[in-house]
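Understanding the architecture of this molecule
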Amino acid sequence: LEISDPGQVVYREARTSAVVEHEVTLQCGTTLPDVYIWSFTKPGTDTIRAVVYNFGKGPKLQELAHDLGDLDIITNSSSLFTKKLLVAAEGLYTCQALYDAAEGARLYYYYVYLRVLVPVSKPYILLSNTSAVEGSSFWMRCGLENGSEPINYMWEQESRSGLVTPLADSNNSLVNIIWVTRNHTGWYRCLARNEVNQQRSDRIWLDVLYGPDLPQVDVTAYSVTDRGYSALERGNVSLTCQASSNPPSQYAWLYNSIEIYTGAQLTITNILRLQAGYYTCLAQNTYINSRSRKTITLTVYYPPDGAPNCSIFQASNYTDLALFCSWVGGYPPATLKWSPYANGNQMGMTNFTQIQTGPDTANNSLFTCYGSHVALNITQTCSVRTWLPYGEPQCSANSSQNKEYLMLSCSWMGGYPQALVWWASSSGDVQGTFQENSNILVLRSSVICSDKTFVCHAKHPLTKEIKTCLLKLEPPVLITESSVVTVFEGNDIQLTCSLSKTYPPATEILWYNKLRQNVADTPKKYIIQRAGAWSNLTVRETDSLVDNGYYWCSATNAVGRTDMPVLLLVMKYPMPPNVTISKIIFSSRQRTDVNMEWTVRTDSILTGFFIERQRLPDPDAKSDIPPLWQKVASDLEPSTRSYQINNLDPTVTYAFRITAMNRRTTGNPSEIKSPVSMPVSKPYIVMSDPSPVEGTSVWMSCGLEMGTEPVNYIWEQESRGGLVSTLAESSSSRINITWVTCNQTGWYRCLARNEVSQQRSERVWLDVIFGPEQPEIDVTAYSVTDQGYTALEKRNISLTCQASSNPPSQYVWFYNNTEVYTGTQLTITKVLRGHSGHYACLAQNTYLNTRSKKTVTLTVYSFWCTVPATPLQRCSRGVCVVVAYMAAASGAARWLDHPGAFWGVPGCSSARMAPPRSPSAGCRWYSPVPYTKRVKLLVCIMQDPPDGVPTCSILPVNNYTDLALSCSWMGGYPAATLKWSPYANGDRGAEGITNVTLIQPGPDTANNSVFTCHGSHVALTVAQNCSTRTWLPYGEPQCSAYVTRNNEYLMLSCSWEGGFPRALLWWASDSGDVQGTSEETSNIMILRSSANYSGKAFACHAKHPLSKESKPCVLKLEAPVLMTQRSVVSVYEGNDVELTCILSKNFPAVTEVTWYNNLKQNVDDTPKKYVLQRSAAWSNLTVRETDSTVDSGQYWCSATNAVGGAEIPVLLLVKRYPMPPNVTITKITYSSHQRTAVTVEWLIQAERDLTGFFIELQKLPGRVGKSDVAPLWQKVAADLELSARSYQINSLDPTGKYAFRVTAVNRRTIGHPSQIKSPALPGFNAYSSVIGAAIGGMIVATVVTVLIFIYVLRNRNNIPRELFHLMHNSQSRENINFPEDQVAGGAEDGGRAEMSPGTKVMHECSSHHSNRD
């Protein structure tokens, strides 16, 4: 091609864009140039590289064309084309085109800039924090893997409700949120868009953390007050708290700044007044550790407890009534008003008092107080009744203990309010002070007061008149039932003395003996029984010499003294009979006890006996002092005729005598006798253990009930065969066997002998537990070889195992380590070759958990030549040689038919008729050189394979470090060839016949390895094989310890189950010494229980061939360690209480945890009092219905295991409940005039420490009659409610006189009884008469007073001043300061009353009242 100078070069530029992976065509002119070259310049470089050229011989593609996306030239054009545009193809493409035109050559440069557009990939969102905190900054990035710029990013937010709003639209992939709010919570996605396409990302959740906001508290069942919320007591109040937060708030409720509940809603069921206060809801965002709170005030409206309390008091100097109503407590205070209305309709709060005119009020009037409260739907009421005291005032007189003072008591009991009582002299002068209900006037004792009269006055608001009662004082008058009294000596005698008249009562009746000594100074000799009006003197154990004479009874009261004599005459009893000793003998073996028997005359008078003993001196000793007689028994019953004297010295000789007595008269002693010896009784044998274990110790004791020492003991043993031998002879009744053997099993008896007699015991069997010893195996139908036993196939084989043991052994048979039979004899019927192998007999003593084992090998032969017996046959190892004679001497020999010559030979029975050179299948015939005697030898050789397949096993060898691969294929002829695979030790040619064993290094063998034994035989076309697998036992060895039933033996058990072959286990001490024997799979070591093992460790070592190292497990034996939750436990009396005991450390396990009470008694003996709850590691004791006097003290929890024991004390303190408040009886009256029912009302000091009341009744004795027995108190009402303040007692005897008292109870604590009061009769309704008399009396008194007043004013100069002074003093009041209940109590204790300190005596009978201080 010749091209002339092209001249002007033309340049053309173009830009094109294409999407990656799409087609694109780059034009190089509109027509095909004659020559063109396409080149490529990569952006950012100046290098120009050729892509394709065409110099007129067709386009030539360069390597670069392939790199840029398989660029190619479109046919019949110069355009560059690719079907799959690559990103790398972006750049400047230059096409140099040369056209050879008619006008000449033209050169064009086409510059084409190719821009490869990449579509945006699916964007993904990156967050600076998936859980932004409100108020913090936050950014999101819209990430892209691919995409050509420019890229536009649009962000969208989707709220929880699904509303989508645009957030941002820009070419920046990053969005910054400077201040995050909770409104930013939601789904976000970004849309990435370029000129090729657009893609949306997946949604991503932005979780904005915020809050909590200020909580909003919603209260239900309430009312709103100025101070917050209010609720009614016993209502249900619900407080709900809500605070906006993410994550949701955790709520806690605080009551008065103390946390009480966790949760949004706090519900208070049956709200109480104590629960009023400030309630705070604390909302917490635990994720961002922020919180907020809100507090509300809750006020609880509650009514006062119970109902209003009503009472009536005197007013206006006992002329009016003050109605008092009180209802304390509650919020707000309760409103009170009285009905019927007095002085108008008035109301009050909490405490309200109204005045009611006394004489205008009818007796037994009822007033009601009505109480209302905003927290109650109904009105609460209380009622109170006013009434006059029953009957008239009652007067009495008493003196103080030392008779220094005389006390005049006056009472007008009952009535409400109580009456006013005061004393006056017979002349009308007021004495002492004014008191309510009762009044005591104290006078100095003097004879001058005798025959003086005092008047008691009583005034009540319901009556205008004053009631009176009189007392006249007199000295005592004494009488006796008998002035002369006789009695037998030694008896007690009673002298009587009674008060027939005395006022005031005598302080005390005194007795004086014949020496004028006060008998109270000798309480052992004299007993005095007293009551209010009598005193009896008992003279004890009277003596004629001491007690004969006059005794004096003396009584003194405040105004005089009286003495009275009583003569006592004491007489002696008759002489008792003589006594004869009929028998005296030693009753014990040690000569320490003596039995005595005696006789007396049957018609004798006696009251008892006494026995004396005398220690006789040694005949060799000389002494001038005779031995003394000592009493060894006294006060024996008169019917007694025998007695045993104990605790004598066996080395001393004694003499005895007996004497009869008739009360204090002693008879003549009996004859003197010494005791004789007692023959031995039939002995009995006691064993420490009738079934000891061989190797342990045992003792036997020959027991005797009777028999005087010295006693000799002979022990005999009788064997099972009846042979009797003497075991021991000594003076000791016990024999010890320190090491028991099985030969000592047998019958035992003992013979006891003393100087009087001898006796044999019954036989006792000693059963020694032992074994099993090494078993002995007997095999029947067998022959013995060097390797064990052999048997014929299809024969019956019996294997018998015997091992000496007591109790008899349990037998288990194993075949090749697999259990096949349980029993003594294993029988195999028609044994086969597959039965060949190792047979092991395991003998077990289940009582001792011991065992022994023996293994034998049994080989079963599969073929025997069974040719019938002839003189010329030979048989050996499957080759049968039979000699047959020829019938002719010529060379044409023929074989004689020998009937049955090969009977029983498999495969040869039909071969005998065939030519010698043509043996039948399975037989080969040999014809040796004929003998000259024309005898021919025929040999039949059998080829018989073994039955079944080979048997594989793996056994440990070389002290469990290697594996022995054993393969056996017994039987057949000739023997089978065996070979292991994979080959052990690299021995690829190792083979064996019948049995082959190869050694495989244990640690070099992988766990779970499979080994295969291949067996071949000339009679088989296919090889037979067996496989076996070796593996390690799972996990680690497991150790445990347990004990026998009686804790006698400790058994340490170790096991490593599984694995093949089995692992070897042995025990060792902590010092490394091997203990016991080595066993496979499991090993039990038996130790005798002892505290010496506590704290010691025993290691069980387990070795398996596949493991290089032995694996240990360690047991540390420890005595139990006990703990308790509380070492000191307190409980209120009457409640149940639980004491805990926990085993914190203990190995082996304890048999039982035992509890002992505060008396060290086992609590199991008292199941009703104590309840036990147990588990393996704890034991809790519940003491039921605790009592402070019985149950307080140390309780002991005790635990024992085989290596020791432990005790832990728990101190139980049973506390009494606090003392309940004292009770005051406010009212006690008969409910009717029939006196069969009584109503009691009372008050208490406080409402605390109280659970109820009980009421007691005492029936008082009548005025006539004497009794030395105090009346008993009887409960008439118990378990009254704590709110009770009144009770009615019914079914009383109307003729009896009763006293009552009320006692408060706080559970089991009983308070002090109230004062003792007797009921009064209800008032008499004589209203009109009383009112009329009162009005008339008032008018008369007013007129008289006015007249006297006028007279005094007119004559004041003539009236002496002393009279004014006397009148003034007569109206004065004195403070005696003498408690009423003390005086009343003293009066009930026999008419005496003590003056309290500070009492001022203001009166003497001999002085003028005008001169008293």
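Basis of the calculations
Residues numbered from 1 in each chain as written. Predicted model: local features only at pLDDT ≥ 70, side-chain atom pairs only at ≥ 80, totals over all residues. Heavy atoms only, no water. Helix = DSSP H or I, 4+ residues; strand = E, 2+ residues; numbered from the N terminus. Buried < 20%, exposed > 50% of the residue type's maximum accessible area, 1.4 Å probe, protein only. Contact = heavy atoms within 4.5 Å. Areas by Shrake-Rupley, 256 points an atom, 1.4 Å probe, with all protein chains shown as cover. Core = buried A, V, L, I, M, F, W, Y, C linked by side-chain atoms within 4.5 Å. Disulfide = S-S within 2.5 Å. Salt bridge = Lys/Arg side-chain N within 4 Å of Asp/Glu carboxyl O. Pairing = 2+ DSSP bridges. Axes fitted to C-alpha atoms, helices over the stretch in contact; angles between N-to-C directions. 1 Å grid on protein atoms, 1.4 Å probe; cavity = no way out; pocket = protein on both sides within 12 Å on 5 of 7 lines; lining within 4 Å. Points joined across faces, edges and corners; volume = space filled by probe spheres on them. Nonpolar A, V, L, I, M, F, W, Y, C, P; charged D, E, K, R; others polar. pLDDT = per-residue confidence, 0-100. Patch = residues over 30% accessible without salt bridge, like charges linked within 9 Å, V, L, I, M, F, W, Y side chains within 5 Å. Phe/Tyr/Trp six-rings, centres within 6.5 Å; stacked < 30°, edge-to-face > 60°. Polar contact = N/O pair within 3.5 Å; in protein donor to acceptor, adjacent residues only side chain to side chain.

From N to C terminus, the protein includes five helices and 105 strands. Looking at the protein as a whole, 43% of its 1413 residues are labelled buried. Of all intrachain contacts in the protein linking residues separated by at least 6 positions in sequence, the fraction that spans at least 24 positions is 62%. Just so you have it, the protein exposes about 75,600 Å², and 51% of that area is on carbon and sulfur atoms.

A few words on the nonpolar core. Nonpolar side chains tend to gather and get buried jointly when the protein is soluble and globular. By size, the foremost hydrophobic cluster in this structure holds 37 residues, and its most contacted members are Trp338, Leu408, Trp423 and Leu473. Grouped together as the second largest cluster of nonpolar side chains are 28 residues, Cys28, Leu64, Tyr93 and Val118 included.

Right, let's talk about unusual backbone geometry for a bit. The omega torsion of the bond from Asn246 to Pro247 falls at -5°, within 30 degrees of zero and hence cis. With respect to the helices and strands, Pro247 occurs in the loop between strand 21 (237-242) and strand 22 (250-255). Residue Phe1060 is joined to Pro1061 through a cis peptide bond whose omega torsion reads -5°. One non-glycine residue, Asn959, adopts positive backbone phi at about 60°. Within the secondary structure, Asn959 is located in the loop between strand 77 (951-957) and strand 78 (962-968). In this model, Asn1008 sits at a positive phi of 70°, which is unusual for a non-glycine residue. For Asn1008, the location among the structural elements is in the loop between strand 81 (995-1001) and strand 82 (1009-1016).

Of note, Ala520 is situated in the loop between strand 44 (508-512) and strand 45 (526-530). For the pair Ala520 and Leu510, spaced 10 residues apart in sequence, the C-alpha to C-alpha distance is 8.2 Å.

Right, let's talk about the environment of Pro950 for a bit. Following the sequence through the fold, Pro950 ends up in the loop between strand 76 (935-941) and strand 77. With a relative accessible area of 4%, Pro950 lands in the buried category.

Turning next to the state of the cysteines. Disulfide: a covalent bond connecting the sulfur atoms of a pair of cysteines. Scanning the entire structure with this criterion turns up 15 disulfides. Here Cys801 engages in a disulfide with Cys841; their sulfurs sit 2.0 Å apart. Across the S-S bond of Cys801 and Cys841 the torsion is about -90°, and the bridge reads as left-handed. Pair noted here: Cys801 is in strand 67 (residues 797-802) and Cys841 is in strand 71 (residues 837-845), with a separation of 40 residues, a long-range link. The exposure class assigned to Cys841 is buried, which follows from its relative accessible area of 0%.

Right, let's get into the pattern of salt bridges. Tallied over the entire structure, the rule returns 34 salt bridges. The partner of Lys673 in a salt bridge is Glu671, with the nearest N and O atoms 3.9 Å apart. Taking relative accessible area as the criterion, Lys673 reaches 31% and is therefore assigned partly exposed. For Glu671, a relative accessible area of 30% gives the class partly exposed.

What holds strands together in a sheet is hydrogen bonding between their backbones, with the strands either parallel or antiparallel. Reading across the sheet, the three strands line up as 84-85-88 and stay open at both edges, with antiparallel pairing between neighbours. Edge positions in the open sheet fall to strand 84 (1038-1043) and strand 88 (1082-1088), since each of these has one partner strand only. Taking the axes of each pair of neighbouring strands and ignoring which way they run, one obtains an average angle of 20° across the sheet. Pairing of strand 85 (residues 1049-1055) with strand 88, which is carried by seven bridges, proceeds in the antiparallel orientation.

Where empty space is left can be seen by rolling a probe of water-molecule size over the atoms. As enumerated under the stated definition, the model contains one cavity of 30 Å³ or more in all. Put simply, the largest cavity is a space of about 70 Å³. Every residue lining the largest cavity is listed: Met413, Gly414, Gly415, Gln418, Asn437, Thr1226, Lys1227, Ile1228, Lys1317 and Ser1318. Split into classes, the residues belonging to the lining of the largest cavity amount to two nonpolar, six polar and two charged.

This part takes up the confidence of the model for the protein. Per-residue confidence for the protein gives a mean pLDDT of 82; residues scoring 70 or more make up 87%. Scored below 50 in pLDDT, residues 863-941 shows 115 contacts in the model against residues more than four places distant or in partner chains. pLDDT under 50 marks residues 1406-1413. Its contacts with residues more than four places away, or in other chains, come to 16 contacts.

This part is about a nonpolar patch on the surface. Together, Ile1335, Ile1339, Val1343 and Leu1347 make up an exposed nonpolar region whose accessible area comes to about 370 Å². If you trace the backbone, Ile1335 turns up in helix 3 (residues 1327-1354).

Turning our eyes to something else, we now look at the packing of aromatic side chains. Note on aromatic pairs: each is described by the distance of the centres and the angle between the planes. Evaluation of the coordinates by the stated rule reveals 25 aromatic pairs. An angle of 45° between the planes, with centres 5.9 Å apart, marks the rings of Tyr301 and Tyr331 as tilted. Of this pair, Tyr301 sits in strand 26 (residues 290-301) while Tyr331 sits in the loop between strand 28 (320-326) and strand 29 (335-339), and the two are 30 residues apart along the sequence. Here Trp422 and Phe434 contribute two aromatic rings whose centre-to-centre distance is 5.0 Å and whose plane-to-plane angle is 50°, an arrangement assigned as tilted. Residue Trp422 is located in strand 36 (residues 420-425), and its partner Phe434 is located in strand 37 (residues 430-436); the two are separated by 12 residues in the primary sequence.

Turning next to the side chain of Thr696. Its location among the elements puts Thr696 in the loop between strand 56 (684-687) and strand 57 (698-703). At 2.5 Å, the side chain of Thr696 forms a polar contact with the backbone oxygen of Val693. Excluding residues within four positions of it along the chain, Thr696 makes contact with Ile737, Thr738, Trp739, Val740, Tyr1049 and Arg1088.

In this section: the pairing of strand 45. Summarising the sheet, strand 45 and strand 46 (residues 534-539) pair through five bridges and their orientation is antiparallel. The partner of Arg530 across the bridge, within strand 46, is Ser535.

A few words on the sheet that holds strand 80 (residues 992-993). Across the sheet, which stays open at both edges, the four strands sit in the order 80-79-82-83 with antiparallel pairing between neighbours. Each edge of the open sheet carries a strand with a single partner, namely strand 80 and strand 83 (1024-1030). Relative to strand 80, strand 79 (residues 977-981) is paired through two bridges, and the arrangement is antiparallel. Counted as the bridge partner of Leu978 is Gly992 from strand 80.

Another point: the pairing of strand 42 (residues 484-488). Residue alternation in strand 42 divides its side chains into a buried set, Val485 and Val487, and an unburied set, Val484, Thr486 and Phe488. Here strand 42 runs beside strand 48 (residues 560-571); their pairing, made up of five bridges, is parallel. Residue pairing for strand 48: Val485 is matched across the bridge by Leu568.

Here the focus is the environment of Asp618. Following the sequence through the fold, Asp618 ends up in the loop between strand 51 (608-615) and strand 52 (629-636). For the pair formed by Asp618 and Thr653, sequence separation is 35 residues and the distance between their alpha carbons is 8.2 Å.

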